[in-house]
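Chain residues, written in single-letter form:
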There are 2 protein chains.
Amino acid sequence: MFQINDNYQKLPGSYLFSTIGKKVNEFQKAHPDKEVIRLGIGDVTLPIAPAIIDALHKAVDEMGNAATFRGYAPDLGYEFLRSTIAENDYKARGCEISVDEIFISDGAKSDSGNIQEIFSVNNRIAVCDPVYPVYVDSNVMAGRTGVYDAASETWSDVIYMPCTAENGFVPEFPKETPDLIYLCLPNNPTGTTLPKDKLQEWVDYANRVGAVIIYDAAYEAYISESNVAHSIYECEGAKTCAIELRSFSKNAGFTGVRLGFTVVPKELKCGEVSLNAMWARRHGTKFNGAPYIVQRAGEAVYSQEGKAQLKEQVAYYMKNAKTIKDGLKEAGYTVFGGVNAPYIWLKTPNGMSSWEFFDYLLENANVVGTPGSGFGPSGEGYFRLTAFGNYENTVKALERIQAL
Amino acid sequence: MFQINDNYQKLPGSYLFSTIGKKVNEFQKAHPDKEVIRLGIGDVTLPIAPAIIDALHKAVDEMGNAATFRGYAPDLGYEFLRSTIAENDYKARGCEISVDEIFISDGAKSDSGNIQEIFSVNNRIAVCDPVYPVYVDSNVMAGRTGVYDAASETWSDVIYMPCTAENGFVPEFPKETPDLIYLCLPNNPTGTTLPKDKLQEWVDYANRVGAVIIYDAAYEAYISESNVAHSIYECEGAKTCAIELRSFSKNAGFTGVRLGFTVVPKELKCGEVSLNAMWARRHGTKFNGAPYIVQRAGEAVYSQEGKAQLKEQVAYYMKNAKTIKDGLKEAGYTVFGGVNAPYIWLKTPNGMSSWEFFDYLLENANVVGTPGSGFGPSGEGYFRLTAFGNYENTVKALERIQAL
């Protein structure tokens, strides 16, 4: 008789966004006259930029023509996209990343869930708290996290690194030595990040203790301060200890287009074994490439027109971020993030819990956000608003919050 | 110090297609005047059909317009595609598969590699021999296959079910009881399949011994005989023992477009645990949906125009299959497959090994095929030719083989 992977049974329900959806639906049913503004989910709203739309149409036409049709893509992704990435995301920033260290995928969520597969199940992981839930959940499924304690909402074998206002959202080196360290910078959900010298300390630490940093740089395009690294490979020694995950979702609005990539440097080794070769094997066995038309769309992100159009999109969202941040400050809130990231992280007022504040905001301002506790125990007492909405609605939402 | 997943180190090199590529390159360098015809790789060559190209263009335009832009897709895939599949692939064949039993993915290769994750590492797998290598390789990576014996090219903990001319390519129930049974029907590489009553026996067997059948129906569109099931759910009792993997690669030429789906019936359970819920959790945690534009392309596959155009494409490839099969027979070869599948499986002449015949064919007819031994030990002494080439070249290749 077959048996299941028991680790799945250990996962607590992941009801954050469905609970939010349910509460919002109930509210709207009870108050059909109220216009609810959603600043909760991290999904983009601007349409795909014209330069990318043109590239998509062109690639679609190629697929309809026998002379230019493309079947299976190369395992690692098309050379035209990988070399464009190597040039623009790395060489232009002084990082030497070669084309065969770049693996094109269908998105950073898949990569952040799958990357743990090439490591031993006995490895200990360390995560920032609060954080994007996929890092922990994918390790739970693999059996790497021990026993769940419902009261503290923590796993016995996960090393948590609290990031709160008290430590300026800068994780401290943990007491126990981790094998894998997940860093999402700029951070989802707090919208905060580390200056480059602090990141360098993490790289030095990882090299010293023999840990691998899984560096999720999905929000890199939102960095506005010059002392923040766009890639971990801007730090010395990162190529012997870090894997970088990148996304096209937030810099180019590809949440529904699906494209990402992962960098696994050839110098990153366990003894004689190259992690680059292991990831290539994983990619070649369990994945069959991102769509040709989508890879052409990715290439257009780096064209002159594409760059100019996407700079405007990022500026649009960052104007929203400033609107939210300034508006909340004026209303007397303690606010973080929003400078190098499209997320604003606020301290709930008057000691309210994250969910109490959610209800309060929904009922009184008809604004939807995300309770910080949904991202980890240290998120309790915080709340996330996103800058991905429409500008007019964002302004309106803040007017309502200020009027409370 | 971090450690790797040791199971990856157990994988023998996967050099089949790279060895073929190298040999062909060397031959062409030595004989620049010879025109080599490739009937080796299972990739399609016809361009995407017009009805699908139109749907792609339309969806691209929607993504470029704020009013119709789509961000993150629903975890399971868009309702418009899932309901179309439920209607056309299942209801029309008398199978009751509901919309929430269908999971849209980026292709059957990903699904066939990932599906093992929801099962215990202690489960024993059974595979046909020869077979598509992803089934075994993904289980090697998960640590489910024991020790590799290089001499016999087999794993100690894998149950092999030889499919050869002697048993009419019909696998026999194994002596040891498996937990997971991989069946690819119509089969890659042999091009053969089972009649529905034989498949029913496998369903009954799986229900009796408590095994799950992972049913890969990627070549379903090529079935021409009425006594062959297009879906395993045409068999009674399959919903309590079978997961079905489906692809758009071969029926609609989506090898470079990337789309597939997996059916996990809600009745399929281990005790009280629903495998449907487990796969939903895996999908929701480690995948973020197939591209919207590609899901619209998938929908167009089932439109009236799409169906008519794709029927022609399949007929084109099956004309190639007939050309190869008839041509080989006339030349005195013993030939299998090619009736319900785009693959022709031939017995090598004069006791040649698969690789000896590869060299013989390349040197004397300048035709490239795939050595059967590359798909498993029982493939030794066989050779695969594919019907996915261009018709004129296929005819020419057969003329050359007949002239040998």
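Residues numbered from 1 in each chain as written. Chains lettered and ligands numbered in written order. Predicted model: local features only at pLDDT ≥ 70, side-chain atom pairs only at ≥ 80, totals over all residues.

Peer 1: If you had to explain the overall build of chain A to someone new, which residues and values would you point to?
Peer 2: Broken down by element type, chain A carries 12 helices and 17 strands. In terms of overall dimensions, chain A is globule-like: its C-alpha atoms have a radius of gyration of 21 Å, near the 22 Å expected for 404 residues. Principal-axis analysis of the C-alpha atoms places the extent of chain A at approximately 60 × 55 × 50 Å. For chain A, buried positions account for 55% of its 404 residues. Sequence-distant contacts in chain A: of pairs separated by 6 or more residues, those separated by 24 or more amount to 73%. (Helix = DSSP H or I, 4+ residues; strand = E, 2+ residues; numbered from the N terminus. Rg over C-alpha atoms; globule rule 2.2 N^0.38 Å. Buried ≥ 20, exposed ≤ 12 C-beta atoms within 10 Å, placed from the backbone. Contact = placed C-beta atoms within 7 Å.)

Peer 1: I'd like a description of the packing of helix α3 (residues 50-63) of chain A against helix α10 (residues 304-330) of chain A, backed by residues and values.
Peer 2: Residues and elements named next belong to chain A. Where α3 contacts α10, the two axes come as close as 7 Å, and the packing angle between them is 135 degrees. Comparing their axes, α10 and α3 come out oblique. Along the contact surface, α3 presents P50, A51 and I52, while α10 presents E305, G306 and Q309. Of the residues belonging to the contact of α3 with α10, the class tally is 3 nonpolar, 2 polar and 1 charged. (Axes fitted to C-alpha atoms, helices over the stretch in contact; angles between N-to-C directions. Parallel < 35°, antiparallel > 145°, perpendicular 65-115°, else oblique. Nonpolar A, V, L, I, M, F, W, Y, C, P; charged D, E, K, R; others polar.)

Peer 1: Describe the sheet that holds strand β13 (residues 335-337) of chain A, with residues and values.
Peer 2: Residues and elements named next belong to chain A. Ordered by their spatial adjacency, 4 strands build an open sheet running β13-β14-β17-β16, and the pairing between neighbours is antiparallel. Among the strands making up the open sheet, the edge pair consists of β13 and β16 (370-371). Where β13 lies against strand β14 (residues 343-347), 3 bridges are found, and the strand directions are antiparallel. Each residue of the ladder has a partner; that of F336, found in β14, is W345. Here α10 sits on the sheet and contacts β13, β14 and β17 (382-386); the angle it forms with β14, its principal contact strand, is near 15 degrees. (Pairing = 2+ DSSP bridges.)

Peer 1: Could you give me a rundown of the domain arrangement of chain A, with the residues and numbers involved?
Peer 2: Residue and element names in this part refer to chain A. The domain architecture assigned to chain A consists of domain 1 (14-43 + 305-402) and domain 2 (52-302). The gap between the C-alpha centroids of domain 1 and domain 2 is 26 Å. Listed as interface residues are 28 residues of domain 1 and, on the opposing side, 36 residues of domain 2. Those elements that place two or more of their residues in the side of domain 1 that touches domain 2 are α10, β13 and β14. Taken together, the residues of the side of domain 1 that touches domain 2 break down into 12 nonpolar, 12 polar and 4 charged. (Domains from an automatic or database assignment.)

Peer 1: Just give me the short version of the relation of the copies chain B and chain A, but keep the residues and values in it.
Peer 2: Once chain B is rotated about the relating axis by 180 degrees and shifted along it by 0.0 Å, it coincides with chain A to within an RMSD of 0.0 Å. Here the copies are linked by what is in effect a two-fold axis. Ranked by how close their C-alpha atoms come to the rotation axis, the residues of chain B are headed by H57 of chain B, at 3.1 Å. Most of the interface of chain B is mirrored in chain A: 98% of its interface residues are interface residues there too. (Least-squares fit on C-alpha atoms with pLDDT ≥ 70 in both.)

Peer 1: Any chance you could break down the interface of chain B and chain A for me, citing the residues and the numbers?
Peer 2: Tallying the contact residues gives 66 residues for chain B and 65 residues for chain A. Mapped onto the side of chain B that touches chain A, the elements with two or more residues apiece are α1 (7-10), α3 (50-63), α5 (108-114), α6 (134-141), α8 (275-286) and α9 (292-301) of chain B. No other element matches the 6 residues that α3 of chain B contributes to the side of chain B that touches chain A. When the residues that make up the side of chain B that touches chain A are grouped by side-chain class, the tally is 34 nonpolar, 21 polar and 11 charged.

Peer 1: Please provide a residue-by-residue account of unusual backbone geometry, values included.
Peer 2: Look at the link from N188 of chain A to P189 of chain A: it is a cis peptide, with omega at 20 degrees. Turning to its location among the elements, P189 of chain A is positioned in the loop between β7 (180-184) and α7 (196-209). Note that the residue after L185 of chain B, namely P186 of chain B, is joined by a cis bond; omega there is -10 degrees. With respect to the helices and strands, P186 of chain B occurs in the loop between β7 (180-184) and α7 (196-209). For N366 of chain A, which is not a glycine, the phi torsion comes out positive at approximately 55 degrees. Mapping N366 of chain A onto the fold places it in the loop between α11 (354-365) and β15 (367-368). In this model, F169 of chain B sits at a positive phi of 60 degrees, which is unusual for a non-glycine residue. Checked against the element boundaries, F169 of chain B lands in the loop between β6 (158-162) and β7.

Peer 1: Can you tell me about the sheet that holds strand β2 (residues 102-105) of chain B, naming the residues and giving the values?
Peer 2: Residue and element names in this part refer to chain B. One open sheet holds the 7 strands; their spatial order is β2-β10-β9-β8-β7-β3-β6, and the pairing between them is mixed. Both outer strands of the open sheet, β2 and β6, are each paired with one neighbouring strand and no more. Neighbouring strand axes in the sheet, compared pairwise and without regard to direction, differ in orientation by 20 degrees on average. Of the strand pairs in this sheet, strand β3 (residues 125-129) and β7 are connected by 3 bridges, and their pairing is parallel. Across the sheet, V127 pairs through a bridge with Y182, a residue of β7. In the packing of α7 onto the sheet, the strands contacted are β7, β8 (212-216) and β9 (242-247), and the crossing angle to β8 comes to about 145 degrees.

Peer 1: Could you give an account of the environment of A277 of chain A, with specific residues and numbers?
Peer 2: Residues and elements named next belong to chain A. In this fold, A277 is placed in helix α8 (residues 275-286). Classification of A277 as partly exposed rests on a count of 14 C-beta atoms within 10 Å. C-alpha separation for the pair A277 and V264, spaced 13 residues apart in sequence, amounts to 8.9 Å.

Peer 1: Please provide a residue-by-residue account of the pairing of β14 of chain A, values included.
Peer 2: Residue and element names in this part refer to chain A. Among the 5 residues that make up β14, 4 are buried, leaving the element largely enclosed by the rest of the structure. Linking two consecutive strands that pair antiparallel, namely β13 and β14, is a turn of 5 residues; a positive phi of about 80 degrees is found at G338 within it. By the bridge criterion, 5 bridges tie β14 to β17 in an arrangement that is antiparallel. Its bridge partner lying in β17, K347 is registered against Y382.

Peer 1: An account of helix α6 (residues 134-142) of chain A is needed here, citing residue identities and associated values.
Peer 2: In an α-helix there are 3.6 residues to a turn, and that puts residues three or four apart on one side. Residue and element names in this part refer to chain A. Of all 9 residues in α6, 9 are buried; the element is thus mostly enclosed. Those residues of α6 that fall on the buried side of the exposure criterion are V134, Y135, V136, D137, S138, N139, V140, M141 and A142. Residue G143 follows α6 closely and has a positive phi angle near 85 degrees.

Peer 1: Quick rundown of the confidence of the model for chain A? Include the residues and the values.
Peer 2: Looking at chain A, the pLDDT average stands at 96 and 100% of residues meet or exceed 70. Both confidence scores are given for the complex: pTM 0.97, ipTM 0.97. (pLDDT = per-residue confidence, 0-100.)

Peer 1: Break down the pairing of strand β2 (residues 102-105) of chain A for me, citing the residues and quoting the values.
Peer 2: All names here are of chain A. Burial of β2 is two-sided: the residues I102 and I104 facing one way and the residues F103 and S105 facing the other way are all buried. Two elements, β2 and strand β10 (residues 260-263), share 4 bridges in a ladder whose sense is antiparallel. Residue pairing across strands places I104 opposite F261, the latter belonging to β10.

Peer 1: Lay out the environment of D179 of chain A with the relevant residues and their values.
Peer 2: Inspection of the secondary structure puts D179 of chain A in the loop between β6 (158-162) and β7. When the 21 C-beta atoms within 10 Å are taken as the criterion, D179 of chain A is described as buried. Taking the C-alpha atoms as reference, D179 of chain A lies 36 Å from Y317 of chain A; in sequence the two are 138 residues apart. Beyond its immediate stretch of four places on either side in the chain, D179 of chain A contacts N123, R124 and A211 of chain A together with F2 of chain B.

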